[in-house]
Amino acid sequence: MLAKGYTVHGLVRRNSSTQRTRLDPLFFGKPEYKDRLFLHYADLDDVTTIRRVLTKAEPDELYHLAGQSHVGASFEIPESTCQFTAMGTLRLLEIVRDLAKQPRFLHISSSEIFGRPDAQPQNEQTPMRPVSPYGVAKAFATNMTRLYRESFGTFACNAICYNHESPRRGESFVTRKITRAAAAISLGQQDKLKMGSLDARRDWGYAPEYVDAMWRMLQHDTPDDYVLATGTAHSVQDFLSAAFAAVGLNWKNHYEVDPRFMRPAEASRLVGDPGHAQRQLGWKAETDLAGLVTKMVNHDVEQLQLKPLQTISQ
Ligand SMILES: C[C@H]1O[C@H](OP(=O)(O)OP(=O)(O)OC[C@H]2O[C@@H](n3cnc4c(=O)[nH]c(N)nc43)[C@H](O)[C@@H]2O)[C@@H](O)[C@@H](O)C1=O
C-alpha cells in the first residue's frame, strides 16, 4: 500500500513555518516513511485545521506523537498537559472517526502510564498506576485509543514506549543533559552538572529503532498495543557514570544535587517486556546503554568542538 498524503513534521505547530516541511532524517529517513502524516507538538486544540488537513490529505497512516512530553514540567502545568496530551488525543480520534477515508492511527503512549507497577517487567496487560500528571494524561489517551479500536472499529494502536533517546533529544531530558554536560566539561566549556535524583531507573533505548517499530505496527494486519522497550533497566547514576567515563572523567568530581530537579513523585522500577512486539512484528531493540551513550556523547563532543558554549550552563 502506497500511502497518499503529506510528509509533514510539526504540522500544527503555531508560529513555526520552518518546521512545516522538515522531515527528520534520523527518525524518518527510510523511504517507507515518506508520504505519511506525522503530527508533532502541542497545538492539538486547532481542531478545524487538523480536520481540514486530514480531509484534504487523506493519509493512509497517522502517527500521533504530539503532546506536552516533559514529565517534570507536567507537575507545574498539569492542565495544559492534559489539554494536549489527553484531550488532544481524543480530539484526533474523533476527527478520524468522522473521516470518510480513515487512516490507520498510532498513538505514542508511554511507560509513565505504569508509574509504580507491581509487575516486573511490564507488558501490555500491566495495570496502569500513573504517578505524574503526564502519566495520567497518557493513561487517558491510551485507554481512549483502545476504546476507539474496540467500540468503533478504528484501526488504532498504542505504542507503549519506554524512554527512547538519540543525539536529537531535547536538553531538558536527563540523557541529553548528561551527555552534553560531559562533553562540555571535558572541553572546559562547563563547570558543574546540577541534577535531581540519581536513583531512578529507566529502560533506555535508541529512538530510530522505536520509530521503525511504530511503522511496523501500522503495516500489521490487525491493530494492537505493543510495549516498545529494551527489557533492561539502568539507573540515572549508571548513565551519568558511563557518559563521563566516555570522555575520560569521573562523574563524582563534576556533579551537584539540585533540589529544583527533584520531582514530587517519581515513577520507579520501569522496565518493559518487548516480547509481544518481537513475536508479532519481528522487532527487537538493538542498541544497548553503552552504544547509546557512545552515540550521544560523540555527537555532543563533535558539536561543541564546532560551536563552543558561550556561557557556563547547567
Ligand atoms: C517514557 C517517558 O520518557 C521520558 O520521561 P522521563 O522518564 O521522565 O525522562 P527524563 O529524561 O526527564 O527523566 C528520567 C529520570 O531522570 C531523573 N532526573 C534526575 N535529574 C534530572 C534532571 O536534572 N533532569 C531531568 N529531566 N531528569 C532528571 C528524573 O527524575 C527521571 O527519573 C519522556 O520522554 C516522557 O515523555 C516519556 O513518555
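In this report, we go over the structure that sits alongside the text.

About the criteria used
- Residue positions are counted from 1 within each chain, in the order its sequence is given.
- For this predicted model, a pLDDT threshold of at least 70 governs which residues receive local features, and a threshold of 80 or more governs which side-chain atom pairs are given and counted, while totals over whole chains, interfaces and linings are taken from all residues.
- To obtain the side-chain values, all non-hydrogen atoms of the structure were used and water was disregarded.
- Between buried and exposed lies partly exposed: a residue is buried under 20% and exposed over 50% of the maximum accessible area for its type, with that area taken using a 1.4 Å probe on protein chains only.
- Here a strand is any run of E in DSSP of at least two residues, a helix any run of H or I of at least four, and the numbering for each starts at the N terminus.
- Strand pairing is assigned whenever DSSP detects at least two bridges linking the two strands.
- How far a helix is expected to stretch is found by multiplying one less than its residue total by 1.5 Å.
- Contacts: residue pairs with any heavy atoms within 4.5 Å of one another.
- Proximity is defined per residue: if any heavy atom of the residue lies within 4 Å of a molecule or strand, that residue is considered near it.
- Two N or O atoms count as a polar contact when they lie within 3.5 Å, although within protein this holds only if one can serve as hydrogen donor and the other as acceptor, and sequence-adjacent residues are included solely when both atoms are side-chain atoms.
- Areas reported as accessible are Shrake-Rupley estimates using a 1.4 Å probe. Residue values count occlusion only from the protein chains shown.
- Whenever Lys or Arg places a side-chain nitrogen within 4 Å of a carboxyl oxygen from Asp or Glu, that contact is recorded as a salt bridge.
- Bend at a residue means the angle formed by two fitted axes: the first through the 7 residues ending at that position, the second through the 7 residues beginning there.

Quick notes on the pairing of strand β9 (residues 225-228)
1) Next: With burial as the criterion, each face of β9 is covered, one bearing D225 and V227 and the other bearing Y226 and L228.
2) Next: Pairing geometry for strand β4 (residues 156-161) and β9, over four bridges, is parallel. In the strand pairing of β9, I160 is matched with V227.

Quick notes on helix α6 (residues 174-186)
1) Next: Spanning 13 residues, α6 covers 18 Å between terminal C-alpha atoms, matching the ideal 18 Å at 1.5 Å per step.
2) Next: Among the 13 residues in α6, eleven count as buried, and that is most of the element.
3) Next: What α6 keeps buried is the set T175, R176, K177, I178, T179, R180, A181, A182, A183, A184 and I185.
4) Next: Packed against the buried residues of α6 are β5 (164-165), β6 (193-195), α8 (236-246) and α10 (289-306).
5) Next: Following α6 by one or two positions, G188 has its phi on the positive side, about 75°.

Some remarks on the site of the ligand
1) Next: Around the ligand, 23 residues are found, and the nearest of them are S69, S110, R202, R263 and E266.
2) Next: In this structure, S172 approaches the ligand through a main-chain N or O atom, which is 2.8 Å from a nitrogen atom.
3) Next: Backbone polar atom of V174 to an oxygen atom of the ligand: 2.8 Å apart, as the coordinates give it.
4) Next: Out of a free accessible area of 700 Å², the ligand has 96% covered by protein chains.

Considering the pattern of salt bridges
1) Next: Tallied over the full model, the rule gives twelve salt bridges.
2) Next: With a closest N to O distance of 2.5 Å, R146 and D225 form a salt bridge. With a gap of 79 residues between them, R146 in helix α5 (residues 133-152) and D225 in strand β9 connect regions that are remote in the sequence.
3) Next: Judged by its relative accessible area of 3%, D225 falls in the buried class.
4) Next: The closest approach of N and O atoms between D225 and R149, which form a salt bridge, is 2.8 Å.

So, the side chain of S74
1) Next: Tracing the backbone through its elements, the reader meets S74 in helix α3 (residues 71-74).
2) Next: When its relative accessible area of 0% is taken as the criterion, S74 is described as buried.
3) Next: For S74, the side chain forms a polar contact with the main-chain nitrogen of Y134, separated by 3.1 Å.

A closer look at helix α4 (residues 78-98)
1) Next: For α4, with 21 residues, the first-to-last C-alpha span of 29 Å sits near the 30 Å given by 1.5 Å per residue.
2) Next: The axis of α4 is deflected most strongly, by about 35°, at M87.

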